[in-house]
Amino acid sequence: MIYIFKELRRHKWRTIFSVTGYALATVFILLILSVADANKNDSYGVLQSTGTHFIVYIPTEANLCTSNIANGSVFAEGVKTMMLDHDMVRTIRNVEGVKDAAACLQYKMFDGVFQSEVSIAGIDTSSLATRTNVLAPAHVISGRYFSGRPEELLAEESFAAAHDLSPGDTLKIFGGKMIVAGIVNSGIRPVKADFYAPISLVRTILKDRLLCNAPNFDMNIILVEVADARVQDDVITRIRNMMYKFAVSTYNCYQPANRVMSIIDRSSIGLTGLIFLFLVIFSAKTQLTALMERFREIGILKSLGWSDSSLAIHVFLVSLIQSVAGVTAGVLLAFGLIEFLGHLDNPVFSSYSFRLRFGTIPLIYALSLIGAVAAGLYPAIRIFRTKAGDIIRNHM
Amino acid sequence: MNNYKIECISLNKQYKGRNVLITAVRDVSLKIEKGEFILLKGRSGAGKSTLINLIGGLIAPTSGKVTIDGFIVNQLNNKSLSNLLLNRVGIVFQGFNLLPTYDIYENIEVALAPRGLSKREIKKLAIPYFERFGLSEMMHLLPEELSTGQQQKVAVIRTLIRQPSIILADEPTASIDDITAGEILELMRNLCNEQNVTIILATHGIVPETIADRMIVMENGKVINQ
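Fair warning: this is a prediction, and the values are worked out from it, not measured in the lab. (Residues numbered from 1 in each chain as written. Chains lettered and ligands numbered in written order. Predicted model: local features only at pLDDT ≥ 70, side-chain atom pairs only at ≥ 80, totals over all residues. Heavy atoms only, no water.)

Enquirer: Give a description of the packing of helix α9 (residues 295–303) of chain A against helix α12 (residues 360–385) of chain A that names residues and reports values.
Expert: A pair of packed helices is captured by two measures, namely the crossing angle of their axes and the spacing between those axes. Residue and element names in this part refer to chain A. Where α9 contacts α12, the axes come no closer than 11 Å and their chain directions differ by 35°. Taken as a pair, α9 and α12 cross one another with a handedness that is right-handed. Residues F295, I298 and K302 of α9 form the contact with α12, whose own contacting residues are P379, R382, I383 and F384. (Axes fitted to C-alpha atoms, helices over the stretch in contact; angles between N-to-C directions. Helix = DSSP H or I, 4+ residues; strand = E, 2+ residues; numbered from the N terminus. Left-handed = near helix turned anticlockwise from the far one by under 90°. Contact = heavy atoms within 4.5 Å.)

Below is the structure:
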């Protein structure tokens, strides 16, 4: 062992070049992986939540929320629906892959003032599933979002424009006086209504003001948010299996997101594989070059009676020590560089997010060691198969 | 069991040139007794170094065989050949073959290291040789910092210190002054006489024939006189 370290020390520059080569390759690989990984995570952040929402209801032919005062019904996507018990929300929240579920109560009736059918969606304003399926505070285009005051409504922009509504207007509608707190444009959503209100208010409207006759006033739609676009199909299947009557309505944009993520995954695996292959080849090449340079010395030692096995071990250890030292230096350097670049206020680097993936470090060690062993194989075989005199003669 | 320490039987060695086969040793057969001092003479390119390397098992013959104490050297496995080179055969190379990044003491040390000697034992063995050859003050210099003659002395020390029973010396005095050359030859002669060491000394220069028990002359790879 003492000769191995002596060897490394004596061939100082060769050792330094070799270790530096490993270190630079490691830094390069870790930087690329860091950028690729961070970008993948960022892309995933967007794609994972693309289209990951849907609604569940039970369509029916009959009107299950009748009233002598109002000619209306609970509905979803243009069809009448059954009323659902609130326990169903808890059940669906527990389905594997579901991130959030919320209750929604949607009702429409003919209104004499507007001389048209007017719909209202009662929503749980604190729920994520509501924000993705119905409405979010960011969708307010004028006025304000629900402030907790009683009798507040939000009007959908198209309806407000058609009927010249503005924030602050007071309307006599749904059996009471309501205030338009804000105008919203929620875009294309599974649940669209002319007005939105907290679900408790809509329940009060149906139960106490319109005196509807219904099994309960909990909800008629369950809003669901899925954890990841890639599991959405599975979640839908699980929910359908809970009750065959369930209608599930989803936008299919989660499917392209799912496909894009699969493509990113494959590219990422391919890129990582190529980078690691480069590391193995690079380490093998670096070591092989260094070993071949000192092959004459190996021949001399062999002529002095050093056994082939001890020389082969010598070759492997020199190779392994250099690779471990190089990768260690490279990891430390990469860590420092990633920290530095991550905090650098530079327009070129600020567009990248650098994150060191610690899980790859053992893999880099393992692969560089494989490279080092691979590099040692050829010289080791030559040591065993070539006579000392031939080695000396061929490496003058 | 014969009485010969070394025997070469119909030994041939050919090297592949760019387009031709170069015959370095041609049908050499010779017998060398234990404790014999052989002067192997011939011009440059006569095949002396190749013959030395063949006898030491450093290269394989194209045909024929070399035996040492009845063992066929060119059929020994790697381990046995290493043992032979470590314990019984010492070779002084024409080009010295010193390790360029090791100082001259370490060059001696690595020759003894495989025997498992301690640093103290190695030092005890090495110091007298360095003193005898006037290299005591230079032990920690690199080979390139020594003159050619001094390097040759180190190569000789590296062989002698291992006390082999066979010394194959390829031009061991070519680069050193007459006085030191005389001392080396004298030392080898004494080893022959006192310790029954077999010596084959290849030279194309002027070495007194009287130092040897026998002279073998080579020309164009052939032994023409023995």
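Enquirer: Let's hear about the interface of chain B and chain A: which residues, and what values?
Expert: The interface of chain B with chain A comprises 27 residues on the first partner and 24 residues on the second. When residues of chain B are sorted by the area they lose upon contact with chain A, N97(B), T101(B) and Y102(B) head the list and together hold 21% of the total. Where chain B packs against chain A, one counts 0 salt bridges. At the boundary of chain B and chain A, one finds 6 residue pairs in polar contact (both at pLDDT 80 or more). Every element with two or more residues in the side of chain B that touches chain A is listed here: α2 (78–87) and α3 (104–112) of chain B. Looking at the side of chain B that touches chain A element by element, the count peaks at 5 residues for α2(B). (Buried area = accessible area lost by both parts, 1.4 Å probe. Salt bridge = Lys/Arg side-chain N within 4 Å of Asp/Glu carboxyl O. Polar contact = N/O pair within 3.5 Å; in protein donor to acceptor, adjacent residues only side chain to side chain.)

Enquirer: Talk me through the pairing of strand β10 (residues 222–225) of chain B; I want residue IDs and the actual numbers.
Expert: Residues and elements named next belong to chain B. Bridge analysis of strand β9 (residues 214–219) against β10 gives 3 bridges, and the strand direction is antiparallel. Looking at the pairing, E219 lines up with K222 of β10. Hairpin connection, β9 to β10: the antiparallel pair is bridged by 2 residues, and N220 has positive phi, about 50°. (Pairing = 2+ DSSP bridges.)

Enquirer: Please give an account of the packing of aromatic side chains that cites residues and values.
Expert: Residues and elements named next belong to chain A. Counting across every chain of the model gives 7 aromatic pairs over all chains. Where F159 meets F195, the ring centres are 5.0 Å apart and the plane angle is 70°; that geometry is what we call edge-to-face. Residue F159 is found in helix α5 (residues 157–162), and its partner F195 is found in strand β10 (residues 195–198); the two are separated by 36 residues along the sequence. Among the residues examined, F159 registers a relative accessible area of 7% and is labelled buried. With a centroid separation of 6.3 Å and 90° between ring planes, the pair formed by F174 and F195 is classed as edge-to-face. Here F174, found in the loop between β8 (170–173) and β9 (176–184), pairs with F195, found in strand β10; they are 21 residues apart in sequence, far enough to count as distant. For the pair F174 and F195, one class covers both residues: buried. A connected cluster of aromatic rings, assembled from ring pairs, spans F114, F159, F174 and F195. (Phe/Tyr/Trp six-rings, centres within 6.5 Å; stacked < 30°, edge-to-face > 60°. Buried < 20%, exposed > 50% of the residue type's maximum accessible area, 1.4 Å probe, protein only.)

Enquirer: Tell me what's going on with the environment of V35(A), and back it up with residues and numbers.
Expert: Residues and elements named next belong to chain A. Mapping V35 onto the fold places it in helix α2 (residues 12–48). In this structure V35 comes out as buried when scored by relative accessible area, which is 17%. C-alpha of V35 to C-alpha of I338: the two residues are 303 residues apart in sequence and 9.5 Å apart in space.

Enquirer: Outline the nonpolar core, listing residues and values.
Expert: Ranked by size, the top nonpolar core spans 52 residues in total, and within it Y107(A), F195(A), L206(A) and I222(A) carry the most contacts. Tallying contributions element by element places strand β4 (residues 98–111) of chain A first for this core, with 6 residues. Not counting the four nearest positions on each side in its chain, Y107(A) is found in contact with C65(A), A70(A), G72(A), S73(A), V74(A), F75(A), V118(A), S119(A), I120(A), L206(A), L210(A) and C212(A). Grouped together as the second largest cluster of nonpolar side chains are 51 residues, I383(A), I55(B), L84(B) and A111(B) included. (Core = buried A, V, L, I, M, F, W, Y, C linked by side-chain atoms within 4.5 Å.)

Enquirer: Help me get a handle on α3(B), residues and values and all.
Expert: Residue and element names in this part refer to chain B. Across the 9 residues of α3, 9 count as buried, placing the element largely inside the fold. Listed as buried for α3 are I104, Y105, E106, N107, I108, E109, V110, A111 and L112. Taking the backbone nitrogen of Y105 as reference, a side-chain oxygen 3.1 Å away marks D103 as the first, capping residue of α3.

Enquirer: Could you give me a rundown of the sheet that holds β10(B), with the residues and numbers involved?
Expert: Residues and elements named next belong to chain B. Strand order across the open sheet formed by 6 strands is β6-β7-β8-β3-β9-β10, with mixed pairing between neighbours. Only two strands of the sheet have a single neighbouring strand rather than two, namely β6 (89–92) and β10. The average angle at which neighbouring strand axes cross in this sheet is 20°, direction not considered. Strand direction decides the pairing type here: strand β3 (residues 37–42) and strand β8 (residues 198–203), joined by 5 bridges, are parallel. Within β8, the position partnered with L39 by the bridge is L201.

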